[in-house]
Amino acid sequence: MIITVDDLKKTYAGRVPTPALRGVSFEVASGEFIAVMGRSGSGKSTLLHQLGLLDVPTSGRVVIDGIDVLALTESGKARFRLHSLGYVFQEYALITELTALENVSLPARTLGAGRAGRERAAELLDLVGLQGRHDHYPSEMSGGEQQRVAVARALINRPKIVFADEPTANLDSASAKMVLELFRRLNRDLGQTIVMVTHEPDDRQYVNRVIWLKDGLIERIEAAA
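The following paragraphs examine the structure supplied in this document.

Thresholds, definitions, all that
Think of each chain on its own: its residues are numbered from 1, step by step along the sequence as written. With pLDDT at 70 or above as the cut-off, local features in this predicted model cover only qualifying residues; side-chain atom pairs require 80 or more to be listed or tallied, and sums for whole chains, interfaces and linings still use all residues. With hydrogens and water set aside, each side-chain value is computed from the structure's full complement of heavy atoms. Numbering goes from the N terminus for both helices and strands, where a helix is a DSSP run of H or I of at least four residues and a strand is a run of E of at least two. Each radius of gyration is computed over the set of C-alpha atoms, and the globule rule expresses the reference value as 2.2 Å times the number of residues to the power 0.38. A contact between two residues is defined here by any heavy atoms of the two lying within 4.5 Å. Per-residue and other accessible areas were derived by the Shrake-Rupley procedure at a 1.4 Å probe size, with only the shown protein chains allowed to occlude residues. Every definition here rests on a 1 Å grid over the protein atoms only: cavities are sets of points where a 1.4 Å probe fits but cannot get out, pockets are open sets enclosed by protein on both sides within 12 Å along at least five of seven lines, and lining residues have some atom within 4 Å of a point. Grid points are joined across faces, edges and corners, and a volume is the space filled by probe spheres set on the points. By the convention adopted, Pro, Cys, Tyr, Trp, Phe, Met, Ile, Leu, Val and Ala count as nonpolar, Lys, Arg, Asp and Glu as charged, and the other residues, Gly among them, as polar.

1. A few points about the overall build of the protein chain
Helices and strands together make up the secondary structure of the protein chain, namely six helices and 10 strands. For the protein chain, the C-alpha radius of gyration of 17 Å lies close to 17 Å, the compact-globule estimate for 225 residues. Within the protein chain, residue pairs in contact and separated by at least 24 positions form 69% of the contacts whose partners lie at least 6 positions apart. Surface summary for the protein chain: the accessible area is close to 10700 Å², and the carbon and sulfur share equals 48%.

As structure tokens, this is what we get:
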């Protein structure tokens, strides 16, 4: 298993502590495309933030590719994220002053890849269907194009896993379908492991399994229709 989650809990401090995750356990095999679904407030994005090392759980264990990632130091987590994890955000999170090519190549530059990083970034932009858009800035691109740039950026360092947090929430139906078809192609053709949070029931047709959350607990896990 590439991901093993054991009794993961997250409580947000406050006058009345709020448990967002109340003991979540599951496994993900290498090469799976998983959807995490449930109502608003069920803990979907909170779970993804823990798995992506963007937040620290209250308790529990997360093993990714054989590494107990929660036991890593902060610098160790940062290195692990850069080398092994890709993340696609709902709001694209592109740097507006950089072109599509510069946005995609940025994580590779962080690892010291120069020309090779730019060449791979160009290949990835072509892979996601953005030939001829390499030198465009985010403001010159549609929402769907920006999200495809974000997908290419998530792939630049050949991550073990891509996490996607509501990646189609801000897109029209045609752009959303294009992004989901891209994820499915990456999964089927390249064997990319993907864990995606979504609220759209129709998205089940693109994935292998669905993890349903309710009130911070797993309600059920089912094979996709």
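2. Thoughts on the layout of surface pockets
Where empty space is left in the structure can be found by rolling a water-sized probe over the atoms. Its boundaries defined by the atoms lining it, the largest pocket holds a volume of some 330 Å³. Residue lining of the largest pocket: 16 residues in total, with Arg81, Leu85, Gly86, Tyr87 and Pro107 positioned closest to the centre. Of all the elements in the fold, those that place two or more residues in the lining of the largest pocket are helix H2 (74-84), strand S6 (85-88), helix H3 (100-110) and helix H5 (143-155). Per-element tally for the lining of the largest pocket: the top contributor is S6, with three residues. For the lining of the largest pocket, the residue count by class is 10 nonpolar, four polar and two charged. The space that makes up the second largest pocket amounts to roughly 160 Å³. The wall of the second largest pocket is formed by Gly38, Arg39, Ser40, Gly41, Ser42, Trp212, Leu213, Lys214, Asp215 and Glu219. Counting residues per element, the lining of the second largest pocket draws most heavily on strand S9 (residues 209-214), at three residues. Looking at side-chain class alone, the lining of the second largest pocket contains two nonpolar, four polar and four charged residues.

By themselves, these figures tell us nothing about what the structure is for.
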